[in-house]
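# Coordinate analysis (summary)
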Amino acid sequence: VQGDEIDLSPFHKRDSCALDVFLSRSRAHHNFLPTIHDTFHSFTARPHWGKQHGAKSAEILAAYPALADFLKARAEVDPKGMFLNKHVSSLIGT
């Protein structure tokens, strides 16, 4: 995938290869996520911040350099977190 200028894109300012892993909800996918996360992380992968993965908040903040600016703007326009969900809140520390 050709790099782009979209601040929250996994392809922000770098050419990348996109790999998606789809797992059935009926299977024990939580056991699989840490293994795949470690493998992808060794290639400086940027996990999609809106999807399920094994990354922690600090990792997401480091992987997306423009995320701090976005978080400041988000706090101004949505101070009560109305547009956040549990997953995104856990990643961005709100």
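Above this note sits the structure.
Just so you know, these numbers come straight off a predicted model, no measurement behind them. (Residues numbered from 1 in each chain as written. Predicted model: local features only at pLDDT ≥ 70, side-chain atom pairs only at ≥ 80, totals over all residues. Heavy atoms only, no water.)

## Some thoughts on the pattern of salt bridges
Heads up, the condition is: Every case where a carboxyl oxygen of Asp or Glu lies within 4 Å of a side-chain nitrogen of Lys or Arg is listed as a salt bridge. The buried label goes to any residue with under 20% of its type's maximum accessible area, the exposed label to any with over 50%, and the partly exposed label to all in between, with areas taken from a 1.4 Å probe on protein chains only.
Counted by the stated rule, this structure contains one salt bridge. One salt bridge in this structure joins Arg74 and Asp78, with 3.6 Å as the shortest N-O distance. Among the residues examined, Arg74 registers a relative accessible area of 13% and is labelled buried.

## Observations regarding the packing of aromatic side chains
Condition: Here a Phe, Tyr or Trp ring, Trp counted by its six-membered ring, pairs with any other such ring whose centre lies within 6.5 Å, and the pair is stacked when the planes are under 30 degrees apart, edge-to-face when over 60, and tilted otherwise. Counted as over-ring charges are cases with an Arg CZ or a Lys NZ within 6 Å of the ring centre that also lie within 35 degrees of the ring normal.
Scanning the model with the defined rule gives zero aromatic pairs in all. One residue, Arg46, lies across the ring of Tyr64, its end atom 5.9 Å from the ring centre.

## Considerations on helix α3 (residues 67–77)
The criterion, for reference: Secondary structure elements follow DSSP: runs of H or I no shorter than four residues count as helices, runs of E no shorter than two count as strands, and numbering proceeds from the N terminus. As used here, the arc is the angular range of directions from the helix axis to the C-beta atoms. Should any heavy atoms of two residues lie within 4.5 Å, those residues are considered in contact.
Listed as buried for α3 are Leu67, Leu71 and Arg74. Within α3, the buried residues cover an arc of 65° as seen down the axis, which keeps them to one side. In α3, the exposed residues that point more than 90 degrees away from the buried face are Asp69, Lys72, Glu76 and Val77. Next to the buried residues of α3 lie α2 (57–63) and α4 (86–92).

## Side note on the nonpolar core
Side chains that are nonpolar tend, in soluble globular proteins, to be buried together. The test is simple: What we call a nonpolar core is a set of buried Ala, Val, Leu, Ile, Met, Phe, Trp, Tyr and Cys residues that are connected through their side-chain atoms within 4.5 Å.
One finds Leu8, Ala55, Ile60, Ala63, Tyr64, Leu67, Leu71, Val88, Leu91 and Ile92 forming the largest nonpolar core, which totals 10 residues. Mapped by element, the contributors of at least two residues to this core are α2, α3 and α4. Sorting elements by how many residues they give to this core places α4 first, with three residues. Setting aside its immediate chain neighbours within four residues, Tyr64 contacts Asp7, Leu8, Ser9, Pro10, Arg46, Pro47, His48 and Trp49.

## Remarks on the layout of surface pockets
For clarity, the threshold we go by: For cavity detection a 1 Å grid was placed over the protein atoms alone, and a set of points counts as a cavity when a 1.4 Å probe fits there but cannot get out; an open set counts as a pocket when protein lies on both sides within 12 Å along at least five of seven lines, with lining residues being those that have an atom within 4 Å of a point. Grid points are joined across faces, edges and corners, and a volume is the space filled by probe spheres set on the points. Residues were grouped as follows: Ala, Val, Leu, Ile, Met, Phe, Trp, Tyr, Cys and Pro as nonpolar; Asp, Glu, Lys and Arg as charged; and all remaining residues, including Gly, as polar.
Taken as a whole, the largest pocket encloses approximately 950 Å³ of empty space. Considering the residues around the largest pocket, the lining is formed by 28 residues, among which Leu19, Asp20, Val21, Phe40 and His48 are closest to the centre. The residue inventory of the lining of the largest pocket, partitioned by class, reads 14 nonpolar, nine polar and five charged.

## Observations concerning the side chain of His37
You can see His37 is positioned in helix α1 (residues 33–41). Filtering out sequence-adjacent residues up to four positions away, His37 remains in contact with Gly54, Ala55 and Glu59.

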